[in-house]
Amino acid sequence: MGILRDRYRNPEDIKELTMDELYQLSDEIRAFLIESVSKTGGHLAPNLGVVELTVALFNVFDLEKDRIIYDVGHQSYVHKMLTHRLDDFARLRKYNGMSGFPKREESRYDAFDTGHSSTSISAGLGYARARDIAGDDYNVISVIGDGALTGGMAFEALNDLGFSKTRMVVVLNDNQMSISRNVGGISTYLSQLRGDNYYEKVKKDIQDTIDRMPMGRTLNTGMMRIKNSVKTMLVPGMLFEDMGLKYLGPVDGHNIKDMSKVLKVARDFNGPVIVHVRTQKGKGYVASEKRPDQFHGIAPFNKQNGEVMSKVKVTYSKVFGEAVTELGRKNGKVCAITAAMPDGTGLSAFKKEFPTRFFDVGIAEQHAATLAAGLAVAGMKPYIGIYSTFLQRAYDQVIHDICIQKLPVVIGIDRAGIVGDDGETHQGILDLSFLSAVPNLTIMAPKSLEELHNMVLWSESFEGPLAIRYPRGGDPVGYNPKALSEFTPGKFEVITEGIDGYIYATGKMVQRAEAVVKELEGRGLRFGIVNACFIKPVDFEMIRKHCEENKAIVTLEDNVVHGGLGSQILEAVNDMGLSAAVIRFGFRDTFVVQGDPESLYKHYGLDTDSIVSKISARLCKGECDE
Ligand SMILES: Cc1ncc(C[n+]2csc(CCOP(=O)(O)OP(=O)(O)O)c2C)c(N)n1
Ligand SMILES: CC(=O)[C@@H](O)[C@H](O)COP(=O)(O)O
Ligand SMILES: [Mg+2]
C-alpha cells in the first residue's frame with residue numbers, strides 16, 4: 001500500500017510516519033513528479049531536488065500555523081502535492097489550471113505569491129515582523145536557492161534581517177545551479193562551504209606545515225592563535241555569521257534525518273538563522289541529473305528517454321543570439337550580457353564564440369543594465385538579452401544609467417507579450433508602457449524572425465539607447481513575410497493598402513492582423529495593414545495622412561493598452577489636432593493569467609472573432625476610443 005495516495009491526507013500526517021516511511025513517501029513523490037510533469041511540462045529538475053527537503057520541512061514545522069515562502073516558487077510542486085493539490089497536477093500551468101508557483105488564492109498553505117527571484121527573505125521578514133508586533137508565535141521559513149541568492153534583493157533582506165535579529169529561518173537550497181550552472185563570488189563561496197571538512201582540511205595542512213618546519217614544535221603554541229584566527233575566517237558560513245545570522249550546515253539535503261535535526265535547531269533558535277542545505281538538482285531521474293539545465297523548465301517529454309515531444313525549430317531567442325554573434329564576428333566592440341539566462345536568451349551562442357566579451361552576471365538584472373552602461377561609456381557596443389518581465393527589475397538603471405546618458409546599449413527584450421504557462425508574474429505585457437515613457441529610448445518590434453535578424457544587424461550603427469522586443473517561441477511554420485531590412489526611426493511599413501481603415505499592428509500581432517483583415521472583408525470593410533515596427537517614435541506622418549483621408553485606425557498590440565502603441569497613436573492624433581476613429585486592442589488594465597496563448601487571446605478579447613466583432617460594431621455604431 002502506498003503512502004502518498006493511501007495514507008497521507010494532511011500536513012500533520014507527516015509527523016506520524018517513521019523515518020523509513022518518510023523515505024518511501026519521498027520515493028512516491030519523486031515518481032509522481034516524473035510521471036506527471038512528463039505529460040504537462042514544468043519545472044521538473046528544481047522539484048526533484050527538493051523532495052526530501054520539503055518532506056523534512058513538513059516533518060519539523062507546523063503547516064497549520066508556520067509560514068513557508070519559496071523563492072521563485074518554481075520548486076513548490078512538492079509543497080503543493082502535500083497540501084491537497086495532488087489531483088490538480090493534471091492541469092499544472094494550464095488555462096484555468098493549477099499555477100506552477102505558490103498562489104495564496106489557490107491555498108491557505110501558500111504564504112506568498114512568488115515567480116520572480118530573490119523576494120522570499122524580504123517577504124519572510126515582513127511576516128516575522130508582523131508576527132512579533134502582533135505577539136504571535138508562528139515560525140517563518142524562507143526557502144531560497146543558490147541562484148536566487150545571487151539576486152541583490154536577497155542581500156538587501158539578509159542585511160536587514162541580520163541587523164534586526166528578527167527570529168526567522170532561511171533555508172539555502174544549494175545545488176550549484178541557477179538555470180545553468182550558477183555563477184558569481186557567492187556561488188564560489190558556497191561551493192567552498194559545501195566541501196564537508198573544508199576547515200578541518202585547511203587546519204591539517206597548516207599543522208603539517210608547522211610540524212615540518214625546523215622549529216615547528218616550539219612554534220606550535222604561537223601558531224594556536226593563528227589557527228584560531230584562521231578558524232574564524234574559514235569556519236563555514238562566516239559571511240552569514242558576520243551579517244548577524246546563525247549559520248547551520250552544510251547538511252545533506254537528501255538526508256531527511258539530518259535535515260530534521262538541523263531544522264529543529266533552527267526552529268528553536270531565538271534569532272535569524274540560515275540553514276545551508278546541499279542538494280542535487282534533478283535528482284532521481286537520469287536525464288534530469290545529466291541535464292539539470294535542460295530539465296529546469298521542460299516541455300512535455302518522453303519519460304523513457306527524456307526527449308522533448310514538440311520542438312519549435314527556430315525561436316526568436318535563437319535568431320537574436322545568432323544575430324548578435326554575427327555582429328560580434330565583425331565588430332570587436334560588440335559584447336553580450338545576460339542575467340543568469342544564457343540559454344533562454346539565445347546568448348549561449350555568443351558565449352561560445354566570444355567568452356571574453358560575454359558576461360553572465362547571475363540573477364542581477366539591475367547590475368546587468370548598469371554594467372552595459374559602463375561598457376558603453378568605455379566604447380563598447382553592449383547587447384543585453386533579458387525577458388520583458390525581468391527587465392522590470394532594471395527600470396531605474398535603464399533610465400538613470402543608459403537613457404539620460406544616451407548610451408548605445410541595445411536591449412533585446414525576449415518573452416515580450418504572452419509567455420503562457422508561467423502566468424501573471426511572467427507575462428511580458430508592460431514593457432511598451434513602462435519604456436515608452438522614457439526619453440531618448442527608441443523601441444522596435446519585428447513582425448517576423450527574419451525582421452528580428454535584420455533589426456539586430458541594423459542596430460549596430462544605431463547611436464542611442466535601443467530596445468527591440470520579441471515574443472517567446474518562434475513563428476508558426478510557413479509565416480515568411482517580406483522582412484524589412486532598412487529601418488528609419490518613426491517610419492512604419494504599409495503592408496497592404498486599405499479603403500475603410502488600417503490596422504496598425506506591432507510584432508507578432510501583424511500575423512493576427514492578417515486574419516482580421518480577411519474577416520473584415522467578409523463584412524464589407526476593407527482594411528489595410530501597417531507594420532508598426534517602431535513603437536517609439538511612432539510615424540506621425542502616416543497617422544496624419546490616414547486621419548486626413550478619414551481612415552479608421554485600429555491598433556493591435558500584445559501589451560497593456562495603457563501607454564502602449566495604441567496610446568501613442570491616440571496621443572499623436574490628439575496632439576496634431578486631428579480626429580479619427582481610433583480603436584485600440586491590447587490587454588485592458590489587467591494581469592494576464594496562465595494558459596496557452598490562444599486561450600488567453602480569447603479570454604482577453606484579442607482573438608480574431610472578438611476583434612472583428614468589435615470593429616464592425618464600433619464602425620457601424622460610430623463609437624470609438626477617440
Ligand atoms: C528576477 C528573476 N530573474 C530571472 C528569473 C528566471 N529564473 C527562474 S529560476 C532561476 C534560477 C534559480 O536558481 P535557484 O534559486 O538556485 O533555484 P534552483 O532552480 O536551482 O532550485 C532563474 C534565473 C526569475 N524567476 N526572476
Ligand atoms: C521560473 C522562471 O522564472 C523561469 O524558469 C522561467 O519559467 C523560464 O521561462 P521560459 O521557459 O520562457 O524560458
Ligand atoms: Mg540552485
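Residues numbered from 1 in each chain as written. Chains lettered and ligands numbered in written order. Predicted model: local features only at pLDDT ≥ 70, side-chain atom pairs only at ≥ 80, totals over all residues. Heavy atoms only, no water.

(A) Spotlight on the sheet that holds strand E4 (residues 246–252). Strand order in the open sheet formed by five strands is E1-E2-E3-E5-E4, and the pairing between neighbours is parallel. Each edge of the open sheet is held by one strand with a lone partner, namely strand E1 (67–70) and E4. Direction aside, the axes of adjacent strands within the sheet are offset by 20 degrees on average. Bridge analysis of E1 against strand E2 (residues 140–145) gives four bridges, and the strand direction is parallel. Bridged to Ile69 within E2 is Ser142. Against the sheet, helix H5 (residues 120–134) makes contact with E1, E2 and strand E3 (168–174), and its axis sits at roughly 175 degrees relative to E2, the strand it touches most. (Pairing = 2+ DSSP bridges. Helix = DSSP H or I, 4+ residues; strand = E, 2+ residues; numbered from the N terminus. Axes fitted to C-alpha atoms, helices over the stretch in contact; angles between N-to-C directions. Contact = heavy atoms within 4.5 Å.)

(B) Summary view of unusual backbone geometry. With an omega dihedral of -5 degrees, the bond running from Gly249 to Pro250 counts as a cis peptide bond. Here the bond from Lys536 into Pro537 is cis, since omega is -5 degrees, no more than 30 degrees from zero. Its location among the elements puts Pro537 in the loop between strand E15 (534–536) and helix H22 (540–548). For Lys165, which is not glycine, the phi dihedral falls at a positive 60 degrees. Note on placement: Lys165 falls in the loop between helix H6 (152–164) and E3.

(C) Seen up close, the site of ligand 2. Neighbouring ligand 2 are the residues His43, Val72, His74, Phe101, His296, Tyr387, Phe390, Arg415, Asp422, His426 and Arg472. Side-chain polar atom of Tyr387 to an oxygen atom of ligand 2: 2.6 Å apart, as the coordinates give it. A distance of 2.8 Å separates an oxygen atom of ligand 2 from a polar side-chain atom of Arg415. Summarising the interface, the protein chains cover 86% of the accessible area of ligand 2, which totals 360 Å² for the free molecule. Across the shell around ligand 2, the residue classes tally to four nonpolar, four polar and three charged. (Near = heavy atom within 4 Å. Polar contact = N/O pair within 3.5 Å; in protein donor to acceptor, adjacent residues only side chain to side chain. Areas by Shrake-Rupley, 256 points an atom, 1.4 Å probe, with all protein chains shown as cover. Nonpolar A, V, L, I, M, F, W, Y, C, P; charged D, E, K, R; others polar.)

(D) Local environment of the UniProt feature "binding site: thiamine diphosphate" (unreviewed entry) in the protein. Here, UniProt's "binding site: thiamine diphosphate" (unreviewed entry) annotation points to His74, Gly115, His116, Ser117, Gly147, Ala148, Asn175, Tyr285 and Glu365. Considering the C-alpha atoms alone, the annotated residues occupy 292 residues of sequence and remain spread out, their largest mutual distance being 31.8 Å. As for its placement among the helices and strands, His116 is situated in the loop between helix H4 (77–81) and H5. Here His116 falls in the buried class, since its relative accessible area comes to 14%. For His116, the side chain forms a polar contact with the side chain of Thr389, separated by 2.7 Å. Those residues within four positions of Gly147 in sequence are excluded, and the remaining contacts are Met177, Ser178, Asn182 and Ile363. (UniProt positions renumbered as here; feature names shortened; annotations may be inferred. Buried < 20%, exposed > 50% of the residue type's maximum accessible area, 1.4 Å probe, protein only.)

(E) Geometry of the pairing of strand E16 (residues 552–560). Within E16, nine of the nine residues are buried, which leaves the element mostly enclosed by the surrounding structure. Pairing of strand E13 (residues 501–505) with E16 involves five bridges; the strand directions are parallel. In the strand pairing of E16, Ile503 is matched with Val554. Both E16 and strand E17 (residues 582–587) contribute to a ladder of five bridges, which runs parallel. Following the sheet pairing, Leu556 is matched in E17 by Phe585. Once you follow E16 into helix H23 (residues 565–575) and on to E17, the crossover reads as right-handed. (Right-handed = clockwise from strand over helix to strand, strands pointing away.)

(F) Geometry of the coordination of the magnesium ion (ligand 3). Looking at the magnesium ion (ligand 3), one finds its protein donor set to be Asp146 (OD), Asn175 (OD1) and Met177 (O), positioned 2.0 to 2.1 Å from the metal centre. Coordination of the magnesium ion (ligand 3) draws on donor residues from a single chain, spaced D-x28-N-x1-M in sequence. Take Asn175: its relative accessible area is 12%, and that puts it in the buried class. (Donors = N, O, S within 2.8 Å, 3.2 Å for Na, K, Ca; no water.)

(G) Structural detail: the packing of H5 against H6. In contact at an axis separation of 8 Å, H5 and H6 are set at 30 degrees when each is read in the N-to-C sense. When the axes of H5 and H6 are compared, the pair comes out roughly parallel. Residue-level inspection shows Ile121, Ser122, Leu125 and Arg129 of H5 in contact with H6, the latter providing Met153, Ala154, Ala157, Leu158, Asp160, Leu161 and Ser164. Considering only residue class, the contact of H5 with H6 consists of seven nonpolar, two polar and two charged. (Parallel < 35°, antiparallel > 145°, perpendicular 65-115°, else oblique.)

(H) Highlighting the sheet that holds E13. A sheet is described by the order of its strands in space; here five strands give the open sequence E12-E14-E13-E16-E17, paired in mixed fashion. The two strands at the open ends of the sheet, each matched to only one other strand, are strand E12 (493–496) and E17. Strand-to-strand twist of the sheet, defined as the mean angle between neighbouring strand axes without regard to direction, takes the value 25 degrees. Examined bridge by bridge, E13 and strand E14 (residues 527–531) share five bridges and lie parallel to one another. By the bridge assignment for E14, Ala505 is matched with Asn531. Here helix H21 (residues 509–522) sits on the sheet and contacts E12, E13, E14 and E16; the angle it forms with E14, its principal contact strand, is near 175 degrees. Across the face of the sheet, H23 comes into contact with E13, E16 and E17 while running at roughly 145 degrees to E16.

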